[in-house]
Amino acid sequence: MDKNYQLNHLRELEAESIFILREVAAQFQNPVLLFSGGKDSILVTYLAMKAFYPARIPFPLLHIDTGHNFIETIEYRDDLVEKMGARLIVGSVQEAIDQGKVVEEKGYNASRNYLQTTVLLESLEKGKYDAAIGGARRDEEKARAKERFFSHRDEFGQWDPKNQRPELWNLFNGKKQMGEHFRVFPISNWTELDVWQYLAMENVELPSLYFAHEREVFDRDGVLMAADEVIMRRPNEVPFKTTIRFRTIGDITCTGAVKSNAVTVEEVIEEIAASRVTERGTRADDKRTETAMEDRKKQGYF
């Protein structure tokens, strides 16, 4: 690809995202930025820093902690928040379990990923946030491809994909009724490759999980899962060590790895460009049903 074309393409995406972030600050009274510690939420946070520089980001970061996150993710999150001087709010799934608000799944396929929805909606209501900024992209999954930049949620936090507002000529309608809120997705038009190329261009630091490292894993239905104590393994799921990296970062119980030797951003980009497996192809939570993501989104998921 021509370098000038690539640079112009990335700068156009950057400008679009920054425009949307500024629209959020202009239209909403109390926005919050959803931060998972993954590359997409890191990108949105970085773009927000650019959008409001030299001032600090005018809204806090909200992380829904399942209690089963990779330690590298939590360490990265805390280090970034300290460097930015940002305000971090943590919604705890473990606390929700302890308080009886949600019931933890049992068995081999148990995951806390679904329990995040209740904690997220409770955190948004408690903080009285009228806009939640997320790092979802349309190329990730078919349900996310239906999202607008400004995605309306009703008073129960639910999403109706058939009742989305038109977005013409970069005009965004943030009007809502009491109790309703919006999810805002500034990087909707970015692809996985765009994200990596931009992060490389801007030299943005990323969690070590995204790069090749040796880890003990086991094979579950063709997906390499971290051999962590929070995952119940079947008798035939024997752990072994190999060199892997993660393309997405989420709850340990549903985040699969890929074999890789890519230790630099440039090598990751080459690997992605040649890959024939989708980014979320290693996510167990997307494979429960054909409409797993859309069902969760309707209920209030990211």
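This text goes with the structure placed above it.
Residues numbered from 1 in each chain as written. Predicted model: local features only at pLDDT ≥ 70, side-chain atom pairs only at ≥ 80, totals over all residues. Heavy atoms only, no water.

### Looking at the packing of helix α1 (residues 3–27) against helix α6 (residues 192–201)
This is how the line gets drawn: Angular values range over 0 to 180 degrees, each being the angle between N-to-C directions of two axes fitted as lines to C-alpha atoms, with helices fitted over their stretch in contact. In DSSP terms, a helix is any run of H or I states spanning at least four residues, a strand is any run of E spanning at least two, and both are numbered starting from the N terminus. Our angle categories are set so that under 35 degrees counts as roughly parallel, over 145 as roughly antiparallel, 65 to 115 as roughly perpendicular, and the remainder as oblique. Contacts are assigned to residue pairs with any non-hydrogen atoms lying within 4.5 Å of each other. Residues are grouped as follows: Ala, Val, Leu, Ile, Met, Phe, Trp, Tyr, Cys and Pro are nonpolar; Asp, Glu, Lys and Arg are charged; all remaining types, including Gly, are polar.
In contact at an axis separation of 10 Å, α1 and α6 are set at 100 degrees when each is read in the N-to-C sense. With respect to each other, α1 and α6 are oriented roughly perpendicular. When α1 is examined against α6, the residues Gln 6, Leu 7, His 9, Leu 10, Arg 11, Leu 13 and Glu 14 are found in contact with a partner set consisting of Asp 194, Gln 197, Tyr 198 and Met 201. Looking at the contact of α1 with α6 residue by residue, the class counts come to 5 nonpolar, 3 polar and 3 charged.

### Overview of helix α7 (residues 265–274)
Worth spelling out the cut-off: Any residue under 20% of the maximum accessible area for its type is buried, any over 50% is exposed, and the rest in between are partly exposed; the area is computed with a 1.4 Å probe on protein chains only. By definition, the arc is the one covered by directions from the helix axis to the C-beta atoms.
When we look at burial in α7, the residues that qualify are Val 265, Val 268, Ile 269 and Ile 272. Projection of α7 onto a plane perpendicular to its axis shows the buried side chains occupying an angular sector of 100 degrees, all on one side. Turned more than 90 degrees away from the buried face of α7 sit Glu 270 and Ala 274, all of them exposed. Buried positions along α7 lie against α6 and β9 (240–245).

### Quick look at the sheet that holds strand β4 (residues 131–133)
Condition: We treat two strands as partners when DSSP finds at least two bridges between them.
Here 6 strands make up an open sheet; going across it, the order is β3-β2-β1-β4-β6-β5 and the pairing mixed. Either end of the sheet is taken by a strand with one partner, and the two such strands are β3 (88–92) and β5 (150–153). Taken pair by pair, the neighbouring strands of this sheet meet at an average axis angle of 30 degrees, ignoring direction. Pairing analysis gives 4 bridges linking β5 to strand β6 (residues 181–184), with the strands arranged antiparallel. Looking at the pairing, Ser 151 lines up with Arg 183 of β6. Here α1 sits on the sheet in contact with β1 (31–34), β4, β5 and β6, set at roughly 40 degrees to β5.

### Focus: the packing of aromatic side chains
To keep things clear, this is the line we draw: Ring pairs are drawn from Phe, Tyr and Trp, using the six-membered ring of Trp, whenever the two centres fall within 6.5 Å, and their geometry is named by plane angle: stacked under 30 degrees, edge-to-face over 60, tilted for the rest. Placement of a charge over a ring requires the Lys NZ or Arg CZ to be within 6 Å of the ring centre, with the centre-to-atom vector within 35 degrees of the ring normal.
On inspection of all chains with the given rule, the structure shows 9 aromatic pairs. For the ring pair Phe 70 and Phe 246, a centre distance of 4.9 Å and an interplane angle of 55 degrees mean the geometry is tilted. With Phe 70 in the loop between β2 (61–65) and α3 (71–84) and Phe 246 in the loop between β9 and β10 (256–259), the pair connects residues that are 176 residues apart, well separated along the chain. Each member of the pair Phe 70 and Phe 246 is classed as buried. Ring pairs connect the aromatic residues Phe 28, Phe 150 and Phe 182, which therefore count as one cluster. Here the guanidinium or amino end of Arg 233 rests over the ring plane of Phe 218, the centre of that ring lying 5.9 Å away.

### Describing unusual backbone geometry
With an omega of 10 degrees, the peptide bond running from Tyr 53 to Pro 54 counts as cis. Inspection of the secondary structure puts Pro 54 in the loop between α2 (39–52) and β2. The phi angle at Lys 128 is positive, at roughly 55 degrees, despite the residue not being glycine. Looking at Lys 128, the relative accessible area reads 67%, which means it is exposed.

### Examining the pattern of salt bridges
Basically, it comes down to this: By definition, a salt bridge exists where a carboxyl oxygen of Asp or Glu is found within 4 Å of a side-chain nitrogen of Lys or Arg.
This model, assessed by the stated rule, comprises 17 salt bridges. Lys 39 is the partner of Asp 40 in a salt bridge, and the nearest nitrogen-oxygen pair spans 3.8 Å. With a relative accessible area of 10%, Asp 40 lands in the buried category. By relative accessible area, Lys 39 is classed as buried at 1%. Linked by salt bridges that have partners in common, Arg 11, Glu 14, Lys 50 and Glu 202 make up one network.

### Regarding the pairing of β3
Just so we agree on the cut-off: When the strands point away from the viewer, a crossover counts as right-handed if the path from the first strand over the helix to the second runs clockwise.
As paired strands, β2 and β3 are joined by 5 bridges and run parallel to one another. Note on β3: the bridge partner recorded for Ile 64 is Gly 91. With α3 bridging β2 and the parallel β3, this β-α-β connection has right-handed handedness.

### Side note on the nonpolar core
Short version of the rule: Residues enter a nonpolar core if they are buried and are Ala, Val, Leu, Ile, Met, Phe, Trp, Tyr or Cys, with the set joined through side-chain atoms within 4.5 Å.
Leu 21, Phe 150 and Trp 196 are the most contacted members of the largest nonpolar core, which has 59 residues in total. With 14 residues, the next largest nonpolar core counts Val 32, Ala 96, Val 102 and Leu 120 among its residues.

### Comments concerning the packing of α2 against α6
To keep things clear, this is the line we draw: By definition, turning the near helix anticlockwise from the far helix through less than a right angle yields a left-handed crossing, and turning it clockwise yields a right-handed one.
Relative orientation of the contacting elements α2 and α6 amounts to 55 degrees, with a least axis distance of 11 Å. As the angle between them shows, α2 and α6 are arranged oblique. Handedness of the crossing formed by α2 with α6: left-handed. Packed against α2, whose contacting residues are Lys 39, Asp 40, Leu 43, Tyr 46, Leu 47 and Lys 50, the element α6 presents Glu 192, Val 195, Trp 196, Tyr 198 and Leu 199 at the interface.

### Quick word on the environment of Leu 206
Inspection of the secondary structure puts Leu 206 in the loop between α6 and β7 (213–220). By relative accessible area, which is 10% here, Leu 206 ends up buried. Every residue in contact with Leu 206, bar those within four places of it in the chain, is listed here: Lys 39, Ile 42, Tyr 76, Trp 196, Leu 199 and Phe 211.

None of this, on its own, says anything about what the molecule does.
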